[in-house]
Amino acid sequence: MADPGAPSSTTPSSRLDEILSAEDRVEELSDSENNSEYEDMGPVTEEELANTAYIKSVTSPIRDALQTETSKARDETLEVVLPFLESNPNEFELNIFRLPKLQRAKHVQFLKNALGDYPSQFAMMDAARPWLLYWSLQGLTALSYDISEYQERVIHTFSSAQHPTGGYGGGFGQLPHLAPTYAAILSLVMVGGRSAYDSIDRKTMWHYLGRMKQADGGFTMSPGGEEDIRGAFCALVIMSLLNLPLELPPDSPARGHGHSTFLDNLGDWVSRCQTYEGGISAAPGNEAHGAYAFCGLGCLSIMGPPKETLNKHLNIPLLIHWLSSRQCAPEGGYNGRTNKLVDGCYSHWIGGCWSLIEASTSSATPSTSLWNRSALGRYILSAAQFKKGGLVDKPGKRPDAYHSCYNLAGLSAAQHFYGFDEDMEGEIGKGDLNAPYHWKKGVLYEGEKVWDEEEGDAVEKIHPVFVIPWDKVEECRGYFEGKEGF
Ligand code: FPP
Ligand code: K
């Protein structure tokens, strides 16, 4: 066994030997209270035990004999991540599973600061302001923080960022684009209330989205801009939440190509984004990537019940193979594409895909075989929490609102199971694009856990398609279902 007092070794393999021997030791410790082999290990001090994170299932990486730039980058990442899985370098308080507790108060403070004023050198980030609002507000709600204090400010910010011809730009006077439009609508729906809903010009929005629909069935991100799967997802999210008519507006250029609704040829276009690997790419012919996989599955899950739309338009077994290959071992977190590195944001972009996949299969219970929920939870709690608050890509990186939002969404996905019920008879969920209102509100996952809900590690339920709080989704759609015309 490695000398625990020796400085950290520099080569990944000896580091791993150390970890693996430590793993045996912890297994022994937990397997039997009065184990004689335990005596041979020498005494374990209270302090040592208190600083030993849950490492029982840290497995060794699967290695190829060939060294490449990729394999070196991977090994360097392991070096950085493993100490956080093995131990507790941030000296966080540990939960009953000997993992760092969710640092709720620190993350709330970090996200509130992210919503604060920025010095002038941040002016170049102005176009990303809607995103910053969305990520921060979503992160706060996931942490059960009441965001009503931001309601007025959000309405004000987006009223001035709304363009007279429809959609939202990054701020006042900026040209509209589907990405800030998506972030703006989600933020407005999150703060909720009549004045937020009424601030949205749904009629110009409908026309704006009509200008994105393309002859091949997909959507661009702006008029004449790039056509990719974000466009299709963002457009459908907005249409569904705002209960916009499915038929294309009369001035939509796609009408000149024989299309009459927003959905014409869309399923086929999404099919064309599935690659030979099984994952989903930004546009036909590109490389499969986690962020686009979520957009593709989200888009199909709005078009209709996932069991129909996902199975009709995707090769699900191949997709499941690709998604499950994204979970890095021993890190437990996800990477976004083949041969790339673990990153906390994929806790959502990939982790969030599983609810949609589970809804497309016949199983009515949470799966344990498709993905390892506790390994993801362990990565997030141990390696993705920044000491002073906020969550990160991986240890050594700075926290930001983006990684905070999507790590927390991933933790929520690991903690909850959402069933889909086509026959659900609710108050809402009538009219076009109503599939997202047929999800059951979710139960806690009861399999192997590394988080302690009783003691504050629980993240709120998050709507699996819209990635905002559940009740806000229903409130908004309910409001617009009750409205006649625009
Ligand atoms: C690669 O970055 C990242 C992408 C190709 C995807 C970016 C898209 C999103 C984050 C989501 C968009 C979603 C919506 C709803 C608009 P990289 O090469 O730096 O990272 P990698 O090495 O992890 O692939
Ligand atoms: K990245």
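Residues numbered from 1 in each chain as written. Chains lettered and ligands numbered in written order. Predicted model: local features only at pLDDT ≥ 70, side-chain atom pairs only at ≥ 80, totals over all residues. Heavy atoms only, no water.

Observations regarding the overall build of the chain
Put simply, the test is: The helix and strand labels rest on DSSP assignments: H or I over at least four residues marks a helix, E over at least two residues marks a strand, and numbering proceeds from the N terminus. Type-normalised accessible area, obtained with a 1.4 Å probe on protein chains alone, sets the label of each residue: buried when under 20%, exposed when over 50%, and partly exposed for intermediate values. Note on contacts: a residue pair qualifies if any of its non-hydrogen atoms lie within 4.5 Å across the two residues. Working definition of accessibility: Shrake-Rupley area with a 1.4 Å probe, residue cover restricted to the visible protein chains.
Tallying secondary structure elements over the chain gives 20 helices and two strands in all. Each of the 486 residues in the chain was classed as buried or not, and the buried ones make up 57%. Sequence separation of 24 or more characterises 70% of the internal contacts of the chain that already satisfy a separation of 6 or more. Total accessible area computed for the chain in this model is approximately 20,400 Å², and 51% of it derives from carbon and sulfur atoms.

Digging into the nonpolar core
Cut-off, in case you're wondering: Among buried residues, the Ala, Val, Leu, Ile, Met, Phe, Trp, Tyr and Cys ones that are joined through side-chain atoms within 4.5 Å form a nonpolar core.
Core analysis: the biggest nonpolar cluster contains 127 residues, and Tyr134, Leu209 and Leu241 have the highest contact counts within it. Every residue in contact with Leu241, bar those within four places of it in the chain, is listed here: Ile185, Leu186, Val189, Tyr437, Phe466, Val473, Cys476, Arg477 and Phe480. Core analysis: the next-biggest nonpolar cluster, separate from the first, contains 10 residues, Val81, Leu82, Cys328 and Tyr379 among them.

Considerations on the site of ligand 1
Quick note on the threshold: Definition of nearness: a residue and a molecule or strand are near each other if at least one heavy atom of the residue lies within 4 Å of the molecule or strand. Throughout this description, a polar contact denotes any pair of N or O atoms lying within 3.5 Å of each other; where both atoms belong to protein, one of them has to be capable of donating a hydrogen while the other can accept it, and for residues adjacent in sequence the pair is counted only when both atoms sit in side chains. Gly counts as polar in this scheme, as do all residues outside two lists: the nonpolar Ala, Val, Leu, Ile, Met, Phe, Trp, Tyr, Cys and Pro, and the charged Asp, Glu, Lys and Arg.
Close to ligand 1 lie 13 residues; His289, Ala291, Arg337, Lys340 and Tyr346 are nearest. Contact distances for ligand 1 include 3.0 Å between an oxygen atom and a side-chain N or O atom of His289. The side chain of Lys340 places a nitrogen or oxygen atom 2.8 Å from an oxygen atom of ligand 1. Look at ligand 1: alone it shows 650 Å² of surface, and the protein chains cover 69% of it. Considering every element that reaches the shell around ligand 1, the biggest residue donor is helix α13 (residues 290-303), with three residues. Residue composition of the shell around ligand 1, grouped by class: nine nonpolar, one polar and three charged.

Let's talk about the pattern of salt bridges
Quick note on the threshold: Salt bridge, as applied in this entry: a Lys or Arg side-chain nitrogen positioned within 4 Å of an Asp or Glu carboxyl oxygen.
Per the counting criterion, the structure on display carries 14 salt bridges. Measuring nitrogen to oxygen at the nearest pair gives 3.9 Å for the salt bridge that ties Lys112 to Glu149. Of this pair, Lys112 sits in helix α5 (residues 104-114) while Glu149 sits in the loop between α6 (129-142) and α7 (151-161), placing them 37 residues apart in sequence. Residue Lys112 is classed as partly exposed on the basis of its relative accessible area of 24%. In this structure, Lys449 and Glu446 form a salt bridge, with 3.3 Å as the shortest nitrogen-oxygen distance. Residue Lys449 is classed as buried on the basis of its relative accessible area, which comes to 13%. Classification of Glu446 by relative accessible area gives exposed; the value is 60%. One network of salt bridges, with partners in common, ties together Arg194, Asp198 and Lys483.

Points about unusual backbone geometry
Here the residue pair Ala329 and Pro330 is connected by a cis peptide bond, since its omega of 10 degrees sits within 30 degrees of zero. Mapped onto the secondary structure, Pro330 falls in the loop between α15 (316-325) and α16 (346-349). Positive phi, normally seen in glycine, also occurs at Arg98, with a value near 65 degrees. Considering the arrangement of structural elements, one finds Arg98 in the loop between α4 (69-86) and α5.

Focus on the confidence of the model for the chain
What counts, and what does not: Per-residue confidence from the prediction method is given by pLDDT, with values spanning 0 to 100.
Of all residues in the chain, 85% attain a pLDDT of 70 or more, and the chain-wide mean is 88. pLDDT under 50 marks residues 1-41. Its contacts with residues more than four places away, or in other chains, come to 45 contacts. Across the interface, the model reports ipTM at 0.95; the global pTM reads 0.88.

Observations concerning the side chain of Lys472
Condition: When charges are tallied, Lys and Arg are placed among the positive residues and Asp and Glu among the negative ones, while His and the ends of the chain are skipped.
Mapping Lys472 onto the fold places it in helix α20 (residues 470-481). We note that Lys472 is buried and unpaired, the nearest opposite charge coming from Glu475 at a distance of 4.1 Å. Apart from residues no more than four positions distant in its own chain, Lys472 is found in contact with Val189, Met190, Val191 and Tyr197.

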